[in-house]
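# Examining the three-dimensional arrangement
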Amino acid sequence: MSGETVKLQLGGLEVELPILVGTEGERVIEIDKLRAMTGYITLDDGYANTGSTTSEITYLDGEKGILRYRGYPIEEIAERCDFTETAYLLIYGELPTAEELETFRKSIRARSLLHEGMKTIFAGFPPDAHPMAILSAVVGALAIYCRDSLDPADPRQREVAIFRMLAKMPTIAAFSYKQSIGQPFIYSQNKLSYCQNFLQMMFAVPSERYEPDPDFVHALNLLLILHADHGQNCSTSTVRMVGSSTVNLFSSVSAGICALWGALHGGANEACINMLEAIHADNDNLGKYIDLAKDPNDDYRLMGFGHRVYKNYDPRAKIIKEVCHGLLEKHSREDPIFELAQELEEVALSDPYFIERRLYPNVDFYSGIIYKIIGIPKQMFTVLFALGRLPGWIAHWREMHLAPGGMRIHRPRQLYTGSAQRKFVPLIKR
Ligand code: SDX
């Protein structure tokens, strides 16, 4: 609390509202007593001006293009951590010691198998089922098979649920892919790292030895780290909203997966590749699509561009672009989609429409190209985003349950603009 206040005059009434100041000097007006004091509520479509909580997990400054996990710059984390170390930092708040990290990894490895009964769930899905629909459904089913870790108020059940969620998500993701291509499920191998293990569950077959390419393991590790958390984005806010009813972690994450699937959010990586492929198929006619994106009467948007918070270059896009370039060079891949992506970026960033609205490439613009190089099919791109974002969802769910002042169910109000009271009309008279 800063001790500062702001005065609000409403007709003859004047109230003082407290100003809170964040770690980096961000200032907010706390309005939790506004309705009691004035009878008024606020209205903010899409919450662009509204904070839903305080949080100690991730700091982002959209104007300066800054992203920090628990105070550590994303550039350092990306360069010096692996994904499980990053997950530990986000969830528990501190970089782990070597012993803490090994114990954490063992707690995850020990739970990577699914209940054998869950395999029948996959068998019931049609082969063309979207992997995000499968992921949400099977993660939700963990609330059926892991009934001894559903109570978020019980510290032991909460921690076991966290280990199970981190351990089983890669397995469920890989099984959903295997199911879609009619190949046998490949079980996790506990001697492998998180990323090596995921790639072998995705691409190994029982009839041959499989060694994940170290370049692809490194690139996947980086992508998962860069996606690991991002404040109160749509899917994280969904996990908090659903979790605030005290439902279990698995059901909360299942809801977050659904929110992430949307093309305006995590689905943008798949939508971005689809967009680039469509432009390429249309003789690389960039101008036509940029004009479409600028047309106020057309809701076409450049996927992978723009951001609610970043009005500067998304720091994650910067890191991903370099890795993308390096992978293409090293694997001597000519990828017309990557060439087109770079050209689109140059053209868009010199166009007044994008400059005025400060629309830059976001995390989804280049990530799809790296997934393509690794061999991840397009429909799995958002599943990879979910795999990366999982520690963030868990960290926010846990932070909410451990909030010092206790947790309140999320229940926004509204401004009613429908019909005033009117007389009922019986069916025969309508
Ligand atoms: C992610 O929140 C997060 O942190 C998300 C994320 C995370 O890590 O969790 O970073 C991940 O979701 C990244 C965003 C991925 N989505 C896309 O790439 C889809 C394309 N982008 C847009 O749809 C849009 O930019 C959003 C949804 C990302 C942000 O939307 P906002 O903040 O609501 O912006 P807006 O719709 O108010 O747009 C402001 C203006 C509008 O024009 P005007 O009405 O002022 O004339 O910019 C225009 C928009 O039409 N605009 C675009 C555009 N994005 C915004 N015009 C063309 N192409 C675009 N991509």
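As shown above, the structure is provided for reference.
Now for a quick tour of the structure. (Residues numbered from 1 in each chain as written. Predicted model: local features only at pLDDT ≥ 70, side-chain atom pairs only at ≥ 80, totals over all residues. Heavy atoms only, no water.)

Within the protein chain, the secondary structure is distributed over 18 helices and 6 strands. The globule rule puts the C-alpha radius of gyration for 430 residues at 22 Å, and the 23 Å found for the protein chain is close to it. Considered along the principal axes of its C-alpha atoms, the protein chain spans approximately 80 × 65 × 55 Å. Across the 430 residues in the protein chain, those meeting the buried criterion constitute 48%. (Helix = DSSP H or I, 4+ residues; strand = E, 2+ residues; numbered from the N terminus. Rg over C-alpha atoms; globule rule 2.2 N^0.38 Å. Buried < 20%, exposed > 50% of the residue type's maximum accessible area, 1.4 Å probe, protein only.)

With antiparallel pairing, 3 strands are arranged side by side in an open sheet as 1-2-3. Because the sheet does not close on itself, it has two edges, and the strands there are strand 1 (5-10) and strand 3 (27-29). On average, each strand axis in the sheet is inclined to that of its neighbour by 30°, with strand direction left out of account. In the sheet, strand 2 (residues 13-21) pairs with strand 3 via 3 bridges, with the strands oriented antiparallel. Residue pairing in the sheet places Val 21 in a bridge with Arg 27 of strand 3. (Pairing = 2+ DSSP bridges. Axes fitted to C-alpha atoms, helices over the stretch in contact; angles between N-to-C directions.)

Moving on to empty space enclosed by the protein. According to the stated counting rule, one finds 1 cavity of 30 Å³ or more in the structure shown. Within this model, the largest cavity holds a volume of roughly 30 Å³. Every residue along the wall of the largest cavity is listed here: Gly 306, His 307, Tyr 310, Asn 312, Tyr 313, Asp 314, Tyr 360, Pro 361 and Asn 362. Tallied by class, the residues present in the lining of the largest cavity amount to 4 nonpolar, 4 polar and 1 charged. (1 Å grid on protein atoms, 1.4 Å probe; cavity = no way out; pocket = protein on both sides within 12 Å on 5 of 7 lines; lining within 4 Å. Points joined across faces, edges and corners; volume = space filled by probe spheres on them. Nonpolar A, V, L, I, M, F, W, Y, C, P; charged D, E, K, R; others polar.)

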